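Here is how the chains run, residue by residue.
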Amino acid sequence: MKIHEYQAKELYRKYGVPAPEGSVAFTPDEARAVAEKLGGYPVVVKAQIHAGGRGKGGGVKLAKSLEEVGTLAGEIIGMNLVTHQTGPQGQTVRKVLVEQGLNIAKELYLSILPDRATATNVIMASEAGGMDIEAVAADTPEKIIKVHVDPLLGIQGYHCRQVAFGLNIPVAAMKEFTKLLANLYKLFVQTDCSLVEINPLVLTADDRVIALDAKVDIDSNALYRHKEILEYRDTDEEDPLEVEASEYNLNYINLGGGGKCRRRDGGERVPHHPQRPQRQRHPDQHFRRHPALRRAGPGRGGSGQESGSESTRGGAHGRHQRGSGPAHPGRIGPEPDHRQEPEGRGPENSGDRRIVSPFCFLALMGEREQKYN
Ligand SMILES: Nc1ncnc2c1ncn2[C@@H]1O[C@H](COP(=O)(O)OP(=O)(O)O)[C@@H](O)[C@H]1O
Ligand SMILES: [Mg+2]
C-alpha cells in the first residue's frame, strides 16, 4: 500500500528520521494557516499524490510570502498533475503539503528494499540524488552503491559507515547520518515496508541531514497488524477496480489493455505471450474464475442456477469457464475468508515476527556462509 509524503514524514518523525516542519492542507486558506505557523520563508507547497516526479511536473513550488502560498496552493489543488509516474492521464491533486524551504547544499539518494535474490535487505544510496535519479540509474549505475543487510543480524554500525563513506558524508554530519540510517532501517522492518525511499536526502549548509522527500510502501499482506497505518489509506489515489476487488479480499492487478490477472499472492505475471493471438476476453472473466465467485448467485451473470451451471461447465478449476454475465466487473460476490490464521497465529498473536533459537540462528548463518563462499 502506498501512502502520501506527508504521512510518510509523520512516520519518519516518529522513528527519529529528521524531516522539514510542515503540515497538510486541503484548501488555500488552510495552506496559509500552515505557512503562518511555520513563521518563516521560503515555504514549499507540494502536491500530494501517490506518484513521484512532481517537481518536474510542476507540483512543487517555492513561495516567498503568505499571499504566494495561497496563490500557489490554489493553483496546485485541483490541478491534473502529469508526471512520468502517473501516466499520460495524470492524477488530480486534492491536497498539498506546506513545509519550510531548506537551504540545500547537496541532494543525495537513499532507499531500503528487500532483495529476493540474496534474501537480504538492500540499502541503495547515491551522491547523485535528486530529480534525475532515474537517468543516473540508467546511464551511470556505478554511481549507486548497494549495501546488503542480513535480516537476521539487522543493521550494524559498519553498514551505516559503509553507506556514509560511499556518499562522502562530511565528518561533521557523520553521526547524524548513521543515526538517521539506523532509524530508517528500524522503520522499514517494524512497519513491514516493501520500500522506503528518500530522494532527495539533503545535506544542508550547516551539515545537517534531512529527508526532503519521503516515500514509504507497506506490504499489504502485513497491514492487519498495522491498524494505525491502514488509516493512511487513500482510495482516491487507487484504481477504482482495485479498490473494489480489495473489498472482497481479492488481489487484483489492473495491467491495462485487455489482459488482466489476479493472483492470491499479489505477484505480477506477464499476461500474454507476445506472439500468441489474443482472444476476446470478458472484462470480469478473471473474477468469475474463482470457485467461490462462480457459486455466487444473483447479480453475477444471471440467476444463481445459471452461475452454478457455469461452474460445472468450467471444470474442477473453472479454467475454461465462459459466460455471458454483465459487462460490469463490479458485481462480484464475496469469497470465503481463506486468510484466517490457524489458532495461535492470528493477528493478535503475530507480534513476534520470527522466533529463531540460537541453534537455528547458527545453522542459518552457516548455511548462508556456504551459499555465498
Ligand atoms: N522543503 C523543501 N525545501 C527546498 N526545496 C525543496 C523542498 N522540497 C522539495 N524541494 C525541491 O523540489 C524537488 C522535488 O521535490 P520532491 O519532494 O523530491 O518531489 P518529487 O520527487 O515528486 O519530484 C527536490 O529535489 C528539491 O530540490
Ligand atoms: Mg523526490
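Residues numbered from 1 in each chain as written. Chains lettered and ligands numbered in written order. Predicted model: local features only at pLDDT ≥ 70, side-chain atom pairs only at ≥ 80, totals over all residues.

Trainee: Which parts of the structure should I look at to understand the site of ligand 1?
Mentor: With respect to spatial proximity, 19 residues lie near ligand 1, and among them V44, R54, G55, G101 and D213 are the closest. Of all the elements in the fold, those that place two or more residues in the shell around ligand 1 are β2 (43–47), α3 (54–57), β7 (104–115) and β10 (193–204). Taken together, the residues that form the shell around ligand 1 break down as eight nonpolar, six polar and five charged. (Near = placed C-beta within 6 Å. Helix = DSSP H or I, 4+ residues; strand = E, 2+ residues; numbered from the N terminus. Nonpolar A, V, L, I, M, F, W, Y, C, P; charged D, E, K, R; others polar.)

Trainee: Looking at this structure, I do not really get the pairing of β2. What am I missing?
Mentor: In the case of a regular strand, side chains alternate between the two sheet surfaces. Buried residues dominate β2, accounting for five of its five residues. Because side chains alternate across β2, one face comprises the buried residues V43, V45 and A47, and the other comprises V44 and K46, equally buried. Bridge count between β2 and strand β3 (residues 60–63): four bridges; the pairing is antiparallel. Bridging across to β3, K46 finds its partner in V60. Examined bridge by bridge, β2 and strand β6 (residues 96–100) share five bridges and lie antiparallel to one another. From the neighbouring strand, A47 faces β6, where its bridge partner is V96. (Buried ≥ 20, exposed ≤ 12 C-beta atoms within 10 Å, placed from the backbone. Pairing = 2+ DSSP bridges.)

Trainee: What is the right way to read the packing of helix α2 (residues 28–38) against helix α4 (residues 66–76) from this model?
Mentor: When two helices pack together, you describe them by how their axes are tilted relative to each other and by the distance separating the axes. Contact geometry of α2 with α4 gives a least axis separation of 8 Å together with a crossing angle of 145 degrees. Where α2 crosses over α4, the two elements pack in a sense that is right-handed. Taken together, the residues of α4 that come into contact with α2 (itself represented by P28, A31, R32, A35 and E36) are L66, V69, G70, A73 and G74. Split into classes, the residues belonging to the contact of α2 with α4 amount to six nonpolar, two polar and two charged. (Axes fitted to C-alpha atoms, helices over the stretch in contact; angles between N-to-C directions. Left-handed = near helix turned anticlockwise from the far one by under 90°. Contact = placed C-beta atoms within 7 Å.)

Trainee: Looking at this structure, I do not really get the sheet that holds β3. What am I missing?
Mentor: The pairing of strands in a sheet comes from backbone hydrogen bonds and takes either a parallel or an antiparallel form. A sheet is described by the order of its strands in space; here four strands give the open sequence β1-β6-β2-β3, paired in antiparallel fashion. The open sheet terminates on both sides in strands that have one partner only, identified here as β1 (22–25) and β3. Put simply, the sheet's adjacent strands are angled 20 degrees from each other on average, direction ignored. Packing against the sheet, α2 makes contact with β1, β2 and β6, and its axis sits at approximately 170 degrees to β1.

Trainee: Would you mind going over unusual backbone geometry with me for this structure?
Mentor: Excluding glycine, a negative phi dihedral is what most residues carry, and trans is how most peptide bonds are arranged. Put simply, Y41 and P42 share a cis peptide bond, and its omega is 10 degrees. Assignment of secondary structure puts P42 in the loop between α2 and β2. Residue N199 is joined to P200 through a cis peptide bond whose omega torsion reads 10 degrees. Its place among the elements puts P200 in strand β10.

Trainee: Could you clarify how one ought to interpret the nonpolar core in this entry?
Mentor: In summary, soluble globular proteins display a tendency toward joint burial of nonpolar side chains. Within the largest apolar cluster, 40 residues are counted, with the highest numbers of intra-cluster contacts made by V163, L184, A211 and V216. Filtering out sequence-adjacent residues up to four positions away, V163 remains in contact with I123, A125, I145, V147 and L181. (Core = buried A, V, L, I, M, F, W, Y, C linked by C-beta atoms within 7 Å.)

Trainee: So what exactly am I meant to see when it comes to the confidence of the model for the chain here?
Mentor: Do not read the fine detail of predicted coordinates wherever pLDDT is low. Counting all residues, the mean pLDDT for the chain is 79, and 68% of those residues have values of 70 or more. This stretch, residues 286–356, has a pLDDT under 50; its non-local contacts, to residues over four places away or in other chains, come to 82 contacts. (pLDDT = per-residue confidence, 0-100.)

Trainee: Help me out: how do you make sense of α4 in this one?
Mentor: Count 3.6 residues to each turn of an α-helix, and residues three or four apart come out pointing the same way. Along α4, the residues that are buried comprise V69, L72, A73 and I76. Here the buried residues of α4 occupy an arc of 100 degrees about the axis, which is enough to place them on one side. Where α4 is buried, its residues meet β1, α2, β2, β3 and β6. In the stretch just after α4, G78 is the one whose phi turns positive, near 95 degrees. (Arc of directions from axis to C-beta.)

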